[in-house]
Amino acid sequence: MFENRKKEWLRIAHSLKPTLQHETVRPVSGLPGHALTENDSVILDFGNHYVGHLTLKLSSQGSHPDAPAWLSVKFCENERELGETLEGYNGWISKGWVQQEQIHIDVLPTQYSFPRRYAFRYVKIDILALSSKYQLVIEDAVLDATTSADSSRIAPLSGDPLDTAIDRIALRTLHSCMQDFFEDGPKRDRRLWLGDLRLQALTNSVAYQNFDLVKRCLYLFAAVSDADGRIPACLFTEPEVEADDTYMFDYSLFFIPTLWQYAMASGDQETMEDLLPLALRQLELADAQFDPCTHLIQDSDVLGWCFVDWALPLNKQFCAQAIWIYCANAALKMKPDPALKEKIALRKEAAIRHWYDSKQHLFLSGAARQISWASQVWAVLSGIAEGEMASACLNAVSACPDALPMVTPYMMHHYAEALCQVGHRQQARQVIREYWGAMVAQGADTFFELFNPDNPDESPYGSPVVNSFCHAWSCTPSWFLRSGMLNE
Ligand code: RAM
């Protein structure tokens, strides 16, 4: 399907590859003013979060170096990582993501450029070995930092200091993730994920306004849709553009609101029309997962069949139904379709009938009738719950201590948006100030992939050592603060 279009879609994506902006940055502190000996350790601080390639200018003191300098170099996005080690790590995600390496320098003086791009503020250098006859001098450390975000397009916000700090850090997060495409995290996974793209594009529309980058990403996804037209959850761009073999129910569908939102923000109707059939195809494909008699989506216990949040015990059945409705509503905005409207009504009605507990004012999910924050949030965003019912379920969940909590800024974004949708804008502002504000209080320069204020070690991967501390989907406070969403 769409086979005859994919070559052209890829061509368009390639033609929009951005020219990265480069900035030369040096440490604000940590460069030792003296020669170093074996077992010495230094921490260079670059003063902010950057993404790029580091070059170390090294020389020696004493006799001619008679043995290699052996260094361990660790790049850290925040201070917490400086103290972390990989010892005992047995999580399910590769430890190859941890930003550390060991190098041998045979000839001094030299300029050593790290071939790998890193995302960091701090660089910790441990001298593992020299010889007793010479000392190492770190003369300079020069970072070639890159981004495709044009900071000259935006002015800092003025007003409340916490709001402005949150905005500054959210923008920095997006800034670091904007490279050749919208990366989910420049430390990990350095990939284009649809769920992340949708939120980045939203914030980009009120900040850097690099609409070509959004267009490029939409075309990249289009070009790697499979033989049925299904859009993968994420894709690789190197060595060639290729789909990852990961498909998620919600992420494929999010192509629809991402396309609609892009067209609204940029005014680019042509792209919308070009990609609309592919977008609508995602709804058709999702139909196979619905029971035609009950109009309910089938549940699944396959990890990641539908994403929603990184809370492993979360049952996704209700959220999946709600997200289908949310995306179908976005499709209707691009193209009226009475049959689709009818289908939405049936699925909405079925969701209320099967999953709404009118005594508790809560939506339940799965065979075990799980109560989660995520289900209430998606009930509101999808329009399954409207008016009184919508505020009732958001109020009820906050009074329900057993409700399964949210663990990512991605899910918290949706909660804040749901609050705005029911008119609780003041409360949405409060959520942003408390949740993202708690990361500010921890000294964040960029916002994290996962953040559970009650559990600093929150990680679905087995250990926070592989977590990303600059993660695209946490950049949306700037969208809330700059779009006027929070204004009464
Ligand atoms: C992780 C990444 C990414 C997200 C997926 C679902 O691998 O954090 O950002 O979109 O999960």
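All of the points below concern the structure found in this document. (Residues numbered from 1 in each chain as written. Predicted model: local features only at pLDDT ≥ 70, side-chain atom pairs only at ≥ 80, totals over all residues. Heavy atoms only, no water.)

1. Observations concerning the nonpolar core
The condition is simple: Throughout, nonpolar core names a set of buried Ala, Val, Leu, Ile, Met, Phe, Trp, Tyr and Cys residues whose side chains join them through atoms within 4.5 Å. Partly exposed residues are those whose accessible area sits between 20% and 50% of the maximum for their type, while under 20% is buried and over 50% is exposed, using a 1.4 Å probe and protein chains only. Each helix corresponds to a stretch of at least 4 residues labelled H or I by DSSP, and each strand to a stretch of at least 2 residues labelled E; elements are numbered beginning at the N terminus. Contact definition: two residues touch when any of their heavy atoms are within 4.5 Å.
Residues Phe249, Tyr251, Trp324 and Trp378 are the most contacted members of the largest nonpolar core, which totals 144 residues. At 14 residues, helix H9 (residues 317-334) tops the list of elements feeding residues into this core. Beyond its immediate sequence surroundings of up to four residues, Trp378 is in contact with Arg198, Phe254, Val308, Phe318, Cys319, Ala322, Ile323, Tyr326, Met411 and His414. Counting 29 residues, the second largest nonpolar core, distinct from the first, contains Val42, Leu54, Leu56 and Ile138.

2. Looking at the packing of helix H11 (residues 373-382) against helix H13 (residues 409-421)
Just so we agree on the cut-off: All axes are obtained by fitting lines to C-alpha atoms, using only the stretch in contact for helices, and the reported angles, taken between N-to-C directions, cover 0 to 180 degrees. By definition in this entry, angles of less than 35 degrees are roughly parallel, angles greater than 145 are roughly antiparallel, angles of 65 to 115 are roughly perpendicular, and the rest are oblique. Handedness of a crossing is defined here by the sense of rotation of the near helix relative to the far one, left-handed for an anticlockwise turn of less than a right angle and right-handed for a clockwise turn. Residue classes follow a fixed rule: Ala, Val, Leu, Ile, Met, Phe, Trp, Tyr, Cys and Pro count as nonpolar, while Asp, Glu, Lys and Arg count as charged, and any other residue, Gly among them, counts as polar.
Where H11 meets H13, the closest approach of the two axes is 9 Å, and the angle between their N-to-C directions is 45 degrees. The pairing of H11 with H13 is recorded here as oblique in orientation. Once H11 is placed against H13, the crossing between them reads as left-handed. When H11 is examined against H13, the residues Trp373, Ala374, Val377, Trp378, Val380 and Leu381 are found in contact with a partner set consisting of Met411, His414, Tyr415, Glu417, Ala418 and Gln421. By residue class, the composition of the contact of H11 with H13 is 9 nonpolar, 2 polar and 1 charged.

3. Quick look at the packing of H13 against helix H14 (residues 425-441)
Viewed as axis vectors pointing N to C, H13 and H14 meet at an angle of 160 degrees, and their least axial separation amounts to 7 Å. In terms of their interaxial angle, H13 and H14 are classed as roughly antiparallel. With respect to the hand of their crossing, H13 and H14 are arranged in left-handed fashion. Contacts between H13 and H14 involve Pro409, Met412, His413, Tyr415, Ala416, Leu419 and Cys420 from the first element and Arg425, Gln427, Ala428, Val431, Ile432, Tyr435, Trp436 and Met439 from the second. Looking at the contact of H13 with H14, its residues break down into 12 nonpolar, 2 polar and 1 charged.

Function cannot be read off these values alone, since they describe shape.
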